[in-house]
Amino acid sequence: MAEKTTVAAATIPEIYEPVYTYPDSLTEVSTHYCPGCVHGIVHRLVAEVIDELGIREDTIGVAPVGCAVLAYNYLDVDFVEAAHGRAPAMATGIKRVNPDKVVFTYQGDGDLAAIGTAEIIHAANRGELLTTVFINNAIYGMTGGQMAPTTLSGMVTTSTPTGRDCLLAGYPVRMSEILAQTAGAVYVARESALDIAGIRRTKQAIKRAFLAQIHGLGFACVEVLATCPTNWNLEPWSALEWAKENMGAFFPLQTFKMTDEVKALGTR
Amino acid sequence: MTKQLLKGNIAFAEAALRYGLEAYFGYPITPQSEALEHLSGRMIEEGRVFLQAESEVAAINMVYGAACAGVRTMTSTSGPGYSLMAEGLSYIVGSEVPVVVVNMMRGGPGLGNIQPSQADYFFMTKSAGHGDFHPIVLAPASVQEIIDMMGLAFTLAETYRTLVIVAGDGCIGQMMESAELPPMAATRQSRPEWAITGARGRDRNIITSLYLGPENLERLNHRLQAKLARIQANEIRYQEMQVDDADLLLVAYGTAGRICTSVLREARKQGLRVGLLRPQTLWPFPEERLAELSQQVRSMLVVEMSAGQMLEDVQRVVQGRVPIRFHGRMGGIIPMVDEILDDVTSLVQTAAA
């Protein structure tokens with residue numbers, strides 16, 4: 001691995017101790033994400049968790065199709081890039097032949113909740129020893145702001161120009177609630193990356209989801225409510241406010257399933 | 001090893017296992033489900049990976065994942081399932097990972113039926129998924145040949161880091177005949193250096209088919225095309241019978257090719273000088289040999305269990321040098337020796353006249 005030279009190390013006198021640097025598992029590359037997008041934050045959380053668990057050399061990531069398609073440019077572990085929605089199937093193949101490795105998928109709402117619904121539900125139901133980080137920002141980011149399965153009722157997108165009419169376009173889907181029903185899932189939680197407290201909770205949840213896999217307990221998924229300022233046509237701060245006001249009502253922040261074994265793990 | 005009476009589907013599944021198959025993922029579909037059933041027990045017995053997926057879409061992506069991890073992996077299916085796998089096949093070729101797929105062709109289009117067919121020739125050789133590529137396509141004509149081709153398929157897939165399709169048909173899968181299985185080979189002890197296995201003590205590996213810059217994607221495509229050219233130069237396989245003095249050349253593969261060996265024998269009994277070219281690789285197609293033969297025979301008869309798909313390759317190669325007739329049956333009907341023989345007789349008479 002290349003030597004890390006953080007900004008702090010380069011410009012701050014040695015007498016100061018750096019308290020905020022790049023995690024080892026995060027590459028020092030500027031991301032392609034839009035201003036105000038929270039993908040970068042969640043990537044960092046995943047990297048911090050991988051560092052804290054000491055699993056960087058044993059972790060394999062599966063990137064989705066969507067804005068996070070280039071996640072492998074930022075998370076410094078072995079990576080594959082899956083077809084749209086197929087990350088849980090691909091991860092299943094990887095994990096089954098690498099049972100001693102830690103395998104995670106990182107997927108958006110179009111990837112996981114629309115085209116990949118079958119793959120995620122069956123991976124969860126089989127109890128695959130996988131960790132899924134599911135970013136829900138209620139819109140298709142990469143293709144230009146079309147309706148996602150998680151788009152809220154009345155929400156304007158480029159494919160619901162007068163607002164989502166649920167009688168016409170169907171209803172937003174709550175994936176965590178569905179995944180929690182599967183026998184193979186041991187931990188399913190919805191958190192948010194919309195404020196500091198939410199980000200801290202999200203990190204704990206992601207850590208728990210990795211630990212559940214490391215301890216061989218079953219499938220674990222953390223849904224993270226996120227923003228898309230670009231396609232919501234909002235400034236970054238307004239997008240965070242909008243999400244807190246509107247998304248939480250339909251997508252409650254909650255732990256939907258946590259088995260006793262997972263609970264006993266803690267997150268330390 | 002000794003010969004035993006084996007059903008095609010069980011034979012190729014057991015052969016794959018003995019050639020070191022480490023992970024099988026599949027979804028049941030007639031006429032090849034016996035392969036999945038057989039491996040469901042045998043793979044677990046041998047401590048290997050077997051998983052019945054929720055769909056062919058999931059199955060091929062599980063195979064894709066296992067291939068990225070550097071293990072010997074495969075799936076098997078038939079027409080409708082093969083259609084669903086097309087997405088994954090394209091990613092597999094774009095990512096340059098070795099995968100073997102058996103397609104026991106059945107009658108189509110649509111749900112069609114479960115009888116033997118050769119109607120997926122175009123789909124497998126010309127357009128196996130989006131983007132510019134050809135898989136290597138092997139065409140067995142007997143239970144023994146599909147056994148042998150499983151070993152070849154893995155070798156080719158791993159040598160060229162590409163997709164190999166074993167193109168059987170329901171007849172090959174369902175029939176029982178005497179054949180010999182290979183001895184049990186050990187699975188590989190190490191993974192290739194490009195595989196994703198966790199970046200322990202090395203730089204990380206990334207396997208992707210995404211190349212956002214057009215220059216980079218064109219570079220990948222040039223590399224893939226160069227690989228295809230190497231395959232064309234080195235991997236063409238075919239069987240021929242009595243072509244040296246032939247006036248009429250039969251061109252047929254798989255089950256149709258096997259029927260044509262009987263046609264040839266009958267025709268020879270009648271004093272008709274008939275030969276047979278049976279491609280064992282459909283892609284790469286034995287172009288050079290067919291072109292040579294088109295200089296020495298007076299006519300050709302292409303026989304397929306389709307509306308005439310390989311026929312187009314034969315026409316392309318022969319370029320009108322000799323008349324080509326086609327005999328095809330569709331919908332899962334297997335052509336009979338007599339009906340082909342009628343065509344042979346009339347074609348020889350026409351050519352003589």
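Residue positions are given per chain, counting from 1 as you read along its sequence in written order. Chains and ligands are labelled by the order in which they are written, letters from A for the one and numbers from 1 for the other. This being a predicted model, a pLDDT of at least 70 is required before a residue's local features are given, and a value of 80 or more before pairs of side-chain atoms are given or counted; all residues contribute to the totals for chains, interfaces and linings. In computing side-chain values, all of the structure's heavy atoms are included and hydrogens and water are not.

1. Section: the packing of aromatic side chains
Aromatic ring pairs are described here by two measures, namely the spacing of the ring centres and the angle between the planes. Residue and element names in this part refer to chain A. Any two rings among Phe, Tyr and Trp, with Trp reduced to its six-membered ring, count as a pair given centres within 6.5 Å; such a pair is stacked if its planes are under 30 degrees apart, edge-to-face if over 60, and tilted if neither. For the structure on display, the rule yields 10 aromatic pairs over all chains. A ring pair is formed by Phe-250 and Phe-251, whose centres lie 5.0 Å apart and whose planes are at 85 degrees; its orientation type is edge-to-face. Relative accessibility thresholds used throughout: buried, under 20% of the residue-type maximum; exposed, over 50%; partly exposed, between the two (1.4 Å probe, protein chains only). By relative accessible area, Phe-250 is classed as partly exposed at 21%. Its end group placed over the ring of Tyr-20, Arg-44 keeps NZ or CZ at 3.9 Å from the ring centre. Between the NZ or CZ atom of Arg-174 and the centre of the ring of Phe-250, over which it lies, the distance is 3.6 Å. For a lysine, the NZ atom is tested; for an arginine, the CZ atom; a charge sits over a ring if that atom is within 6 Å of the ring centre and within 35 degrees of the ring normal.

2. Describing the side chain of Asp111(A)
All names here are of chain A. Secondary structure is summarised from DSSP: a helix means a run of H or I of at least four residues, a strand means a run of E of at least two, and numbering begins at the N terminus for each. Mapped onto the elements, Asp-111 comes out in helix 4 (residues 109-115). Counted as positive: Lys and Arg. Counted as negative: Asp and Glu. His and the chain ends are not counted at all. We count a salt bridge whenever a side-chain nitrogen from Lys or Arg sits within 4 Å of a carboxyl oxygen from Asp or Glu. Arg-86 is the oppositely charged side chain nearest to the buried, salt-bridge-free Asp-111, at an N-O distance of 7.9 Å. When checking whether two residues touch, look at their non-hydrogen atoms; a contact exists if any pair is within 4.5 Å. Apart from the residues within four sequence positions on either side, Asp-111 is in contact with Pro-64, Val-65, Ala-83, His-84, Gly-85 and Gly-116.

3. Here's the deal with the domain arrangement of chain B
Residues and elements named next belong to chain B. Note that the domain bounds reflect an automated or database-derived domain assignment. In terms of domains, chain B is made up of domain 1 (4-234) and domain 2 (240-352). With 34 residues of domain 1 at the contact, the number on the domain 2 side is 27 residues. Taken over both partners, the interface formed by domain 1 and domain 2 buries close to 2400 Å², and the fraction arising from carbon and sulfur atoms is 54%. Of all residues in domain 1, the largest losses of buried area upon contact with domain 2 belong to Gln-118, Tyr-121 and Phe-122, amounting jointly to 30% of the total for that side. Here domain 1 is connected to domain 2 by 3 salt bridges. For the salt bridge of Lys-126 with Asp-313, the shortest nitrogen-to-oxygen distance reads 2.5 Å. Buried area is a sum: the accessible area each of two parts loses on coming together, probed at 1.4 Å, counted once for each and added.

4. Considerations on a nonpolar patch on the surface
All names here are of chain A. Two joining distances apply to patches: 9 Å for like charges and 5 Å for nonpolar side chains (Val, Leu, Ile, Met, Phe, Trp, Tyr), and every residue must have over 30% relative accessible area and no salt bridge. Accessible surface is estimated by sampling points in the Shrake-Rupley manner with a 1.4 Å probe; for residues, cover comes only from the protein chains shown. On the surface, a cluster of nonpolar side chains totalling about 370 Å² of accessible area is made up of Ile-12, Ile-15 and Tyr-16. Residue placement: Ile-12 occurs in the loop between helix 1 (7-11) and helix 2 (39-53). Using a relative accessible area of 41% as the deciding quantity, one classes Ile-12 as partly exposed.

5. What to know about the sheet that holds strand 13 (residues 281-283) of chain B
Strand pairing in a sheet relies on backbone hydrogen bonds, with the paired strands running either antiparallel or parallel. Residues and elements named next belong to chain B. DSSP calls a pair of strands paired once it identifies at least 2 bridges connecting them. Across the sheet, which stays open at both edges, the 7 strands sit in the order 3-2-4-5-7-6-13 with mixed pairing between neighbours. Edge strands, defined here as strands with exactly one partner in the open sheet, are strand 3 (49-52) and strand 13. Going from strand to strand, the sheet's axes swing by 20 degrees on average, the running direction of each strand aside. Both strand 5 (residues 99-105) and strand 7 (residues 163-169) contribute to a ladder of 7 bridges, which runs parallel. Each residue of the ladder has a partner; that of Val-102, found in strand 7, is Val-166. Here, axes are lines fitted to C-alpha atoms. For helices the fit covers the stretch in contact, and angles between N-to-C directions go from 0 to 180 degrees. Its contacts with the sheet place helix 4 (residues 79-95) against strand 4 (73-77), strand 5 and strand 7, and it is angled at close to 160 degrees to strand 5.

6. What to know about the interface of chain B and chain A
In this complex, chain B contributes 35 residues to the contact, which on the side of chain A involves 37 residues. The junction of chain B with chain A conceals about 2800 Å² of combined surface from both sides, 55% of it contributed by carbon and sulfur atoms. When residues of chain B are sorted by the area they lose upon contact with chain A, Glu54(B), Arg200(B) and Arg204(B) head the list and together hold 22% of the total. If you look at where chain B meets chain A, you find 6 salt bridges. Note that Asp76(A) and Arg204(B) form a salt bridge whose closest N and O atoms lie 2.9 Å from each other. Those elements that place two or more of their residues in the side of chain B that touches chain A are strand 2 (23-26), strand 3, helix 3 (56-68), helix 4 and strand 9 (206-207) of chain B.

7. A closer look at the packing of helix 1 (residues 8-18) of chain B against helix 6 (residues 143-160) of chain B
Residues and elements named next belong to chain B. Contact geometry for helix 1 and helix 6: axes closest at 9 Å, N-to-C directions at 30 degrees. If you check the angle between helix 1 and helix 6, you find them roughly parallel. In this structure, helix 1 meets helix 6 at a crossing whose hand is right-handed. On the side of helix 1, the interface is formed by Gly-8, Ala-11, Phe-12, Ala-15 and Ala-16, while helix 6 contributes Val-143, Ile-146, Ile-147, Met-150 and Phe-154. Three classes are used: nonpolar for Ala, Val, Leu, Ile, Met, Phe, Trp, Tyr, Cys and Pro, charged for Asp, Glu, Lys and Arg, and polar for all others, with Gly counted as polar. A class-by-class count of the residues in the contact of helix 1 with helix 6 yields 9 nonpolar, 1 polar and no charged. Oblique is the label for every angle not falling under 35 degrees (roughly parallel), over 145 degrees (roughly antiparallel), or within 65 to 115 degrees (roughly perpendicular). In a left-handed crossing the near helix is turned counterclockwise from the far helix by less than a right angle, and in a right-handed crossing that turn is clockwise.

8. Details of the nonpolar core
The set of buried Ala, Val, Leu, Ile, Met, Phe, Trp, Tyr and Cys residues whose side-chain atoms join them within 4.5 Å is what this entry labels a nonpolar core. Within the largest apolar cluster, 125 residues are counted, with the highest numbers of intra-cluster contacts made by Met74(B) and Leu290(B). Broken down by element, the residue count for this core peaks at 10 residues, all from helix 6 of chain B. When we break this core down by domain, the ones giving at least three residues each are domain 1 (4-234) and domain 2 (240-352) of chain B. In this view, Met74(B) contacts Phe12(B), Ala16(B), Leu21(B), Ala23(B), Tyr24(B), Phe25(B), Val63(B), Val100(B), Val102(B), Met150(B) and Phe154(B); residues no more than four positions away in its chain are not counted. Ranked by size, the runner-up nonpolar core spans 53 residues in total, among them Val69(A), Met155(A), Ala189(A) and Ala226(A).

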